[in-house]
Amino acid sequence: MSNNALKLNTNTNKYSFIEGLRGFAILLVFGVHFFGKFQKKDYFLSQDSVFKPIIKFLHSGHIGVDCFFLISSFLIYKSLTNQNNKMSFIQFMYKRYSRLLPVIIFILIIPFIIYNGFNIKIILDNIFFLNIFNSSSSIVIVTWSLVYEIYFYILAGILYILLPNKITTSILFLSLISISILLIHFFVKQHIIEEPIRFLGFFFGILLAKYHTKINQSKFLLKYKELIVSIGFCIIFFQMYGWQNFNWVAFVTTSKLHSALFYITVQIGFFLIILGNLIKGNRLEFLLVNSFMQLLGMVSYSFYIIHCFIITKLNLTSKLMMYLNISSFISMLLEYVILFSFAVVLSIYIYKYLEKPYFNKIKK
């Protein structure tokens, strides 16, 4: 494993720390869906249990998706503005769609047909992401975030391929789009994405990519790079703990303002984590550049798609209680370890025998 978070992986052309950050996001997302199925049972804990705030913390990992948004926009902006990587709008959309398609077909569509029969509308909705207009047709709940990704791909393709000029790439133009998203969030009652405020995460990623080369020229950032990463992680963990344990914006009277404050703060947290890791020689890079996090990051897409299937279809807690004669709470934690491990192993096989061969073929 590379000791330099900035070193490009020659096989995947990705920054190592970003691969690790994907792994971190996957850990968060798995937690929210796993502990979600035990929420009605209060996680088998009493109200005054010392473990309850910890489990609630782990159950608040939905913000891992916002991390994916920043990563995606960072990489796509750098790709589209690379003078050596010219492509048409159609080529760009085909490339992005091809990236998502094989796992969608083999991991979502085929199992859906086996369990539920051949429903042509739902199948086509999920293959062609027409569920952007009808979220109820999504086979698994996690595909909502792919809808956000598709919208961003279209917007990025328009801005940086069809309209590549100084205006569309300017910080002023990006600011105007961000303000438009805020206005939609607060004042438009009917819109085609559920939480427009989370779309802002893409623009935080673009901002990082746009000024990437200048970041390492800043003496201030170079001096405080570890502090920047630490503050970023503290913000993320603070928001996770506060999501269900306390409300730090209790004075807010509207849900829209509360949502805006919460998610913008989360986006700033991930922004700082990426910012600090973009600076050369960051001594905290080991948090993301290690074998475990790199492995999770490598298989993150397959893991993201399949983990809900595994969590909902495999319910082991009651069986573990009966066969091992242990408490419900311990059985739940043991089920967490088993299901997470199974999801990782299955994701590795999907990546090795489906994703990787497919990508190598379409690159030729």
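Above this note sits the structure.
Below or above, wherever it landed, is the structure these notes cover. (Residues numbered from 1 in each chain as written. Predicted model: local features only at pLDDT ≥ 70, side-chain atom pairs only at ≥ 80, totals over all residues. Heavy atoms only, no water.)

What follows is about the nonpolar core. Phe24 and Phe270 are the most contacted members of the largest nonpolar core, which has 99 residues in total. Residue contacts for Phe24: discarding those within four places in its chain leaves Phe233, Ile236, Phe237, Phe270, Leu288 and Met293. (Core = buried A, V, L, I, M, F, W, Y, C linked by side-chain atoms within 4.5 Å. Buried < 20%, exposed > 50% of the residue type's maximum accessible area, 1.4 Å probe, protein only. Contact = heavy atoms within 4.5 Å.)

Before going further, it helps to examine helix 6 (residues 144-162). Taking 1.5 Å per residue as the helical rise, helix 6 with its 19 residues ought to reach 27 Å, and the 26 Å between its terminal C-alpha atoms agrees with that figure. Counting buried positions along helix 6 yields 14 of 19 residues, so the element is predominantly enclosed. (Helix = DSSP H or I, 4+ residues; strand = E, 2+ residues; numbered from the N terminus. Expected span 1.5 Å × (residues − 1).)

What follows deals with a nonpolar patch on the surface. A grouping of Ile171, Leu172, Leu176, Ile179, Leu183, Ile184, Phe186, Phe187, Val188 and Leu257 is seen on the molecular surface, where their side chains present a nonpolar patch of about 880 Å² in accessible area. Tallying contributions element by element places helix 7 (residues 171-187) first for the nonpolar patch, with 8 residues. With respect to the helices and strands, the residue Ile171 is situated in helix 7. (Patch = residues over 30% accessible without salt bridge, like charges linked within 9 Å, V, L, I, M, F, W, Y side chains within 5 Å. Areas by Shrake-Rupley, 256 points an atom, 1.4 Å probe, with all protein chains shown as cover. Salt bridge = Lys/Arg side-chain N within 4 Å of Asp/Glu carboxyl O.)

As a further point, take the packing of aromatic side chains. Given two aromatic rings, their pairing is described by the distance between the two centres and the angle made by the two planes. What the rule picks out here adds up to 32 aromatic pairs. Centre to centre, the rings of Phe204 and Phe271 are 5.8 Å apart; their planes meet at 70°, and the pair counts as edge-to-face. Here Phe204, found in helix 8 (residues 200-210), pairs with Phe271, found in helix 12 (residues 255-278); they are 67 residues apart in sequence, far enough to count as distant. With a centroid separation of 6.2 Å and an interplanar angle of 0°, the aromatic rings of Tyr336 and Phe340 are classed as stacked. Placement of both Tyr336 and Phe340 in helix 16 (residues 328-363) is noted, with a separation of 4 residues, approximately one turn of the helix. According to the relative accessible area criterion, Phe340 is buried, its value standing at 10%. The rings of Phe30, Phe34, Phe35, Phe38, Phe44, Phe303, Tyr336 and Phe340 are connected pair by pair, giving a single aromatic cluster. Here Lys210 stacks its cationic end above the ring of Tyr211, 5.8 Å away from the centre of that ring. (Phe/Tyr/Trp six-rings, centres within 6.5 Å; stacked < 30°, edge-to-face > 60°. Lys NZ or Arg CZ within 6 Å of the ring centre and 35° of its normal.)

The interhelical angle for the contact between helix 1 (residues 16-36) and helix 13 (residues 291-298), taken along N-to-C directions, is 80°, at an axis separation of 7 Å. The angle between helix 1 and helix 13 falls in the class roughly perpendicular. Here Ser16, Phe17, Glu19, Gly20, Arg22, Gly23, Phe24 and Leu27 of helix 1 lie close against helix 13, whose contacting residues are Phe292, Met293, Gln294, Leu296, Gly297 and Met298. Taken together, the residues of the contact of helix 1 with helix 13 sort by class into 7 nonpolar, 5 polar and 2 charged. (Axes fitted to C-alpha atoms, helices over the stretch in contact; angles between N-to-C directions. Parallel < 35°, antiparallel > 145°, perpendicular 65-115°, else oblique. Nonpolar A, V, L, I, M, F, W, Y, C, P; charged D, E, K, R; others polar.)

A rise of 1.5 Å per residue sets the reference length of helix 14 (residues 300-313), with its 14 residues, at 20 Å; its end C-alpha atoms lie 20 Å apart and thus fit the reference within 8%. Along its length, helix 14 reaches its greatest deviation from straightness, about 40°, at Ile306. Of all 14 residues that make up helix 14, 11 are buried, and the element is covered over most of its length. Within the span of helix 14, buried status applies to Ser300, Tyr301, Ser302, Phe303, Tyr304, Ile305, Ile306, His307, Cys308, Ile310 and Ile311. (Bend = angle between axes of the 7 residues up to and from the residue.)

Now for the environment of Phe44. Residue position: Phe44 is located in the loop between helix 1 and helix 2 (52-58). Residue class for Phe44 comes out partly exposed when judged on its relative accessible area of 27%. Separated by 284 residues in sequence, Phe44 and Ser328 place their C-alpha atoms 6.1 Å apart. Contacts of Phe44, omitting those with residues within four sequence positions, involve Phe38, Thr317, Ser328, Phe329 and Met332.

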